[in-house]
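Next come the chains, spelled out residue by residue.
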Amino acid sequence: MALEKAPSWAAHLQSEFEQPYMQALKAFLAERKADQIKIYPHSSNWFHALEATPLDQVRVVILGQDPYHQPGQAHGLSFSVMPGVKIPPSLRNIYKELESDLGVTAPKHGYLESWTKQGVLLLNAVLTVEDSNANAHQGKGWERFTDRVIELVNEHSVGAVFVLWGSYAQKKGAKIDTGRHLVINSPHPSPLSAHRGFFGSKPFSQANNWLETQGRGTIDWQLPPENGL
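Residues numbered from 1 in each chain as written. Predicted model: local features only at pLDDT ≥ 70, side-chain atom pairs only at ≥ 80, totals over all residues. Heavy atoms only, no water.

What follows is about helix α6 (residues 142–156). The end-to-end C-alpha distance of α6 is 21 Å, a good match for the 21 Å that 15 residues give at a rise of 1.5 Å each. Turning to α6, its buried residues are Trp142, Glu143, Phe145, Thr146, Arg148, Val149, Ile150, Leu152, Val153 and Asn154. (Helix = DSSP H or I, 4+ residues; strand = E, 2+ residues; numbered from the N terminus. Expected span 1.5 Å × (residues − 1). Buried < 20%, exposed > 50% of the residue type's maximum accessible area, 1.4 Å probe, protein only.)

Okay, structure coming up:
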């Protein structure tokens, strides 16, 4: 575990890897691998969210819970799947709200990489999962690590937007300074809860309006139309 490809984060996070909780997490992951348990995403993508969006470029944080747990889906960005993979139900609902909110056309893929290049940090609270076993790695240490990631954005960013969908994300973002940042709370886009207030919440226009008031420009939420590459 290391952050060589994410130097802006490594300056603040590298010391976390020496902490007992991260040593325990590392041992746990090694043990699961030794038992031939399939872990998603591939270890090369565990820190992809941080690699894709440097700390000094973060404008929006969209917080997810844990990675997708079916083969070929997860690649280290919350809610995103690799090109060619069927769009998951929660992301379909995100696209519906995006179209309703900003008139943005939904692409035929679920690959959100282009958002990260504009300063959208797509962070999961837990960075690994096991095949066909949702939440398998909750409570193993990742939450403390990603709490620190959120703290860093809270401390170092000016006028960022935190998009917290569902009670889990909202609890995790409880310490964000709402005097400095915009926090958007709504139900989760899951088909189980989206009809309770996610639809119609307009998170994307809210984020752009806030960013404009902060002199930080806006996000082009329109994803590339075909395969996302």
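What follows is about unusual backbone geometry. In this chain, Tyr40 is followed by Pro41 through a cis amide linkage whose omega measures -10 degrees. Here Pro41 is to be found in the loop between β1 (39–40) and α3 (48–52). At Gln36, a position not held by glycine, the phi torsion is positive, near 65 degrees. Looking at the element boundaries, Gln36 is found in the loop between α2 (20–34) and β1.

Another point: the sheet that holds strand β3 (residues 120–124). The 4 strands are arranged β3-β2-β5-β6 in an open sheet whose pairing can be described as parallel. Each of the sheet's edge strands pairs with one partner strand only, and the pair in question is β3 and β6 (182–186). Each strand of the sheet is rotated relative to its neighbour by a mean of 20 degrees, with strand direction disregarded. Pairing geometry for strand β2 (residues 60–64) and strand β5 (residues 161–165), over 4 bridges, is parallel. Looking at the pairing, Val61 lines up with Phe162 of β5. (Pairing = 2+ DSSP bridges. Axes fitted to C-alpha atoms, helices over the stretch in contact; angles between N-to-C directions.)

Structurally, Thr128 can be placed in the loop between β3 and β4 (129–130). Owing to a relative accessible area of 0%, Thr128 belongs among the buried residues under this scheme. Within the local environment of Thr128, its side chain forms a polar contact with the side chain of His137, the two groups lying 2.7 Å apart. Only 2.7 Å separates the side chain of Thr128 from the side chain of Trp142, close enough to count as a polar contact. Setting aside chain neighbours within four positions, we find Thr128 in contact with Leu29, Ile39, Tyr40, Pro41, Trp46, Pro67, His137 and Trp142. (Polar contact = N/O pair within 3.5 Å; in protein donor to acceptor, adjacent residues only side chain to side chain. Contact = heavy atoms within 4.5 Å.)

Moving on: the packing of helix α4 (residues 89–102) against helix α8 (residues 203–213). Helices that pack against each other are described as a pair by the angle of their axes relative to one another and the distance between those axes. α8 packs onto α4 with a crossing angle of 55 degrees between their chain directions and a minimal axis gap of 7 Å. Our classification of the angle between α4 and α8 gives oblique. The residues of α8 that touch α4, namely those facing Ile94, Glu97, Leu98, Asp101 and Leu102, are Pro203, Phe204, Ser205 and Asn208. The residue makeup of the contact of α4 with α8, split by class, is 5 nonpolar, 2 polar and 2 charged. (Parallel < 35°, antiparallel > 145°, perpendicular 65-115°, else oblique. Nonpolar A, V, L, I, M, F, W, Y, C, P; charged D, E, K, R; others polar.)

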